[in-house]
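Listed below, chain by chain, are the residues.
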Amino acid sequence: MDPDAQPTDEFARIAAASDSPIFIVTTCHDEERAGCLVGFGCQASIAPARFLVCLSNKNRTFRLARHASRLAVHLLGTDQYRLARLFGSCTGDEVDKFDACSWRPDAHGVPILAGVPAWFAGPITAVTGFGDHTGFVVTPDSAAGADRIAPLLTMHDVLGLDPGHPA
């Protein structure tokens, strides 16, 4: 089977039925910051703890993450559509998204967004290509908000957003 073949309508409907949480991933490298909305992410290991997050190969966050050593992954509450729109519809090639939201740098300079229910950050321990996305494995070494997790913003909540870069 051709690995680059387009998904069938049947697969597309099955994938659309899955309503996964969305995330905002942030990173930094050489005094530059970047962040984007991410729909592909999941826990990849229990011990050691690992999280796989996939970034579109077309966006600025991907280009910066390739050189960065760390990522932060932020969960969004259902009331944070505006933040999702900022990081999902604006491109860092044209807008400094961090000027439009509250954040602070962690001990390593990675932007941590204010007001999100939870976040975790850690070093990038593996990188693998997956077609039009690249998977970055994060080994969390800092986190906050596990006691504040409530209903999360999901893929279905943001289907109407226009992406900052074409798919």
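Along each chain, residue indices are assigned from 1 in the same order as the chain's sequence is written. The predicted nature of this model means local features are confined to residues of pLDDT at least 70 and side-chain atom pairs, given and counted, to a pLDDT of 80 or more, with totals for whole chains, interfaces and linings taken over all residues. The basis for every side-chain value is the complete set of heavy atoms in the structure, and neither hydrogens nor water enter the calculation.

Asks: How should the nonpolar core be read in this particular structure?
Replies: Generally speaking, soluble globular proteins have nonpolar side chains that are buried together. Among buried residues, those of type Ala, Val, Leu, Ile, Met, Phe, Trp, Tyr and Cys that are joined through side-chain atoms within 4.5 Å constitute a nonpolar core. Burial classification: accessible surface area is computed with a 1.4 Å probe over protein chains only, and a residue below 20% of its type maximum counts as buried, one above 50% as exposed, and the rest as partly exposed. Counting residues in hydrophobic clusters, the biggest one holds 20 residues, and the most contacted among them are Leu76, Leu83, Phe87 and Leu113. A run of H or I in DSSP becomes a helix once it reaches four residues, and a run of E becomes a strand once it reaches two; helices and strands are each numbered from the N terminus. Elements with a contribution of two residues or more to this core: strand S1 (23-29), helix H3 (81-89), strand S7 (111-113) and strand S8 (118-130). If one sorts the elements of this core by residue count, H3 sits on top with four residues. Every residue pair with non-hydrogen atoms within 4.5 Å of one another is taken to be in contact. Dropping the residues within four chain positions of it, Phe87 is found in contact with Ile24, Gly35, Cys36, Leu37, Lys97, Phe98, Cys101 and Leu113. Formed by 17 residues, the second largest nonpolar core is a distinct cluster that contains Phe62, Ala65, Val73 and Ala118.

Asks: Explanation requested: the packing of aromatic side chains in the structure shown.
Replies: Centre distance within 6.5 Å is the pairing criterion for rings of Phe, Tyr and Trp, where only the six-membered ring of Trp is used; planes under 30 degrees apart are then read as stacked, over 60 as edge-to-face, and the remainder as tilted. The full count for this structure, using the stated rule, is five aromatic pairs. Ring geometry for Phe51 against Phe120: centres 5.0 Å apart, planes inclined by 70°, an arrangement best described as edge-to-face. Here the residue Phe51 occupies a position in strand S4 (residues 50-56), and Phe120 occupies one in strand S8, the gap between them amounting to 69 residues. The same class applies to Phe51 as to Phe120, namely buried. Where Phe98 meets Trp103, the ring centres are 5.5 Å apart and the plane angle is 70°; that geometry is what we call edge-to-face. What makes Phe98 buried here is its relative accessible area of 4%. Trp103 gets classed as partly exposed once you look at its relative accessible area, which sits at 28%. One aromatic cluster is present, built from ring pairs that chain together Phe23, Phe51 and Phe120.

Asks: When you look at the side chain of Ser56 in this model, what are you seeing that I'm missing?
Replies: Here Ser56 shows up in strand S4. By relative accessible area, Ser56 is classed as buried at 18%. With residues near it in sequence (within four places) discarded, Ser56 still touches Phe62, Asp132 and His133.

Asks: What should I look at first to understand the state of the cysteines in this one?
Replies: Whenever a pair of cysteine sulfur atoms sits within 2.5 Å, that pair is classed as a disulfide. Counting across every chain of the model gives zero disulfides. Here Cys36 is not disulfide-linked; the sulfur of Cys54 is the nearest cysteine sulfur, at 11 Å. No disulfide involves Cys101; its nearest neighbouring cysteine sulfur is the one of Cys90, lying 11 Å away.

Asks: I tried to follow the pairing of S8 on my own but got confused; where do I start?
Replies: In the case of a regular strand, side chains alternate between the two sheet surfaces. Here the rule is simple: two strands pair whenever DSSP picks up at least two bridges between them. Sheet analysis places strand S5 (residues 70-75) next to S8, joined by six bridges and oriented antiparallel. Paired with His74 across the strands is Trp119, a residue of S8. In this structure, S8 lies alongside strand S10 (residues 142-144), joined through three bridges in antiparallel fashion. Its bridge partner being in S10, Trp119 is matched across the sheet by Ala144. Two elements, S8 and strand S9 (residues 133-138), share six bridges in a ladder whose sense is antiparallel. Note on S9: the bridge partner recorded for Val127 is Phe136. Between S8 and S9, which pair antiparallel in sequence order, lie two residues; one of them, Gly131, sits at a positive phi of approximately 80°.

Asks: Would you explain the side chain of Thr61 in this entry?
Replies: Tracing the sequence through the fold places Thr61 in helix H2 (residues 60-65). Residue classification places Thr61 among the buried positions, given a relative accessible area of 2%. With residues up to four places along the chain from it excluded, the contact list for Thr61 reads Val25, Thr27, Ala34, Gly35, Cys36 and Leu55.

Asks: Is there a simple way to think about the environment of Asp96 in this case?
Replies: Note that Asp96 resides in the loop between H3 and strand S6 (103-105). A relative accessible area of 33% places Asp96 in the partly exposed class. With 63 residues separating them in the primary sequence, Asp96 and Arg33 have C-alpha atoms 8.5 Å apart. Any pair of N or O atoms that falls within 3.5 Å is considered a polar contact. Within protein, one atom must be able to donate a hydrogen and the other to accept it, and sequence-neighbouring residues count only if both atoms are side-chain atoms. A distance of 3.0 Å separates a polar side-chain atom of Asp96 from the backbone nitrogen of Phe98.

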